[in-house]
Amino acid sequence: MNCWHCERPAHGVCVFYGRAVCRDHIKTMPFLLSIYRHNDTKLRAIAVDDTLHCGVCRPRETPLLMEELDGD
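About the criteria used
- Residues numbered from 1 in each chain as written.
- Predicted model: local features only at pLDDT ≥ 70, side-chain atom pairs only at ≥ 80, totals over all residues.
- Heavy atoms only, no water.
- Phe/Tyr/Trp six-rings, centres within 6.5 Å; stacked < 30°, edge-to-face > 60°.
- Helix = DSSP H or I, 4+ residues; strand = E, 2+ residues; numbered from the N terminus.
- Lys NZ or Arg CZ within 6 Å of the ring centre and 35° of its normal.
- Buried < 20%, exposed > 50% of the residue type's maximum accessible area, 1.4 Å probe, protein only.
- Polar contact = N/O pair within 3.5 Å; in protein donor to acceptor, adjacent residues only side chain to side chain.
- Contact = heavy atoms within 4.5 Å.
- Lys, Arg positive; Asp, Glu negative; His and termini not counted.
- Salt bridge = Lys/Arg side-chain N within 4 Å of Asp/Glu carboxyl O.
- Patch = residues over 30% accessible without salt bridge, like charges linked within 9 Å, V, L, I, M, F, W, Y side chains within 5 Å.
- Areas by Shrake-Rupley, 256 points an atom, 1.4 Å probe, with all protein chains shown as cover.

### Some points on the packing of aromatic side chains
Each pair of aromatic rings is reported with the distance of its centres and the angle of its planes.
Here comes step 1: Tallied over the full model, the rule gives one aromatic pair.
Here comes step 2: Taken together, a centroid distance of 5.6 Å and an interplanar angle of 75° make the contact between Phe16 and Phe31 edge-to-face. Remark: Phe31 occurs in strand β3 (residues 27-38) and Phe16 occurs in the loop between β1 (12-13) and β2 (20-21); sequence separation between them is 15 residues.
Here comes step 3: The residue whose ring lies beneath Arg19 is Trp4, and the NZ or CZ to ring-centre distance is 4.4 Å.

Here it is as structure tokens:
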């Protein structure tokens, strides 16, 4: 697989969109891995820092409201 930016061999894949990137073009961002309800009260999330990001896709800066998951 080749880098999305320069066509050289890739070293990883963007966790958000799946684009391949080489070491020169790797960016990093936090990634939300899981959401769960703690003691049936508040939603909590497990996030991973420094996941691979291609630098092209733009994850939303503001969260989406997901009322159907909240159950209230």
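Picking up where we left off.
### Examining the environment of Glu7
Here comes step 1: Considering the arrangement of structural elements, one finds Glu7 in the segment before β1.
Here comes step 2: Of the residues examined, Glu7 reaches a relative accessible area of 56% and is grouped as exposed.
Here comes step 3: Remark: the alpha-carbon pair of Glu7 and Pro59, spanning 52 residues in sequence, is separated by 23 Å.

### Describing the side chain of Thr51
Here comes step 1: Relative to the assigned elements, Thr51 resides in strand β4 (residues 42-53).
Here comes step 2: Within polar-contact distance, the side chain of Thr51 engages the backbone oxygen of Met29 at 2.7 Å.
Here comes step 3: Not counting residues within four places of it along the chain, the set of residues in contact with Thr51 comprises Val15, Phe16, Lys27, Thr28, Met29, Pro30 and Phe31.

### Observations concerning the side chain of Arg19
Here comes step 1: Mapped onto the elements of the fold, Arg19 is located in the loop between β1 and β2.
Here comes step 2: This buried residue, Arg19, is left without a salt bridge; Glu7 holds the nearest opposite charge, at 11 Å.

### Digging into a nonpolar patch on the surface
Here comes step 1: Together, Leu33, Tyr36, Ile46 and Val48 give the surface a local cluster of nonpolar side chains, amounting to about 340 Å² of exposed area.
Here comes step 2: Elements represented by at least two residues in the nonpolar patch include exactly β3 and β4.
Here comes step 3: One can find Leu33 in strand β3.

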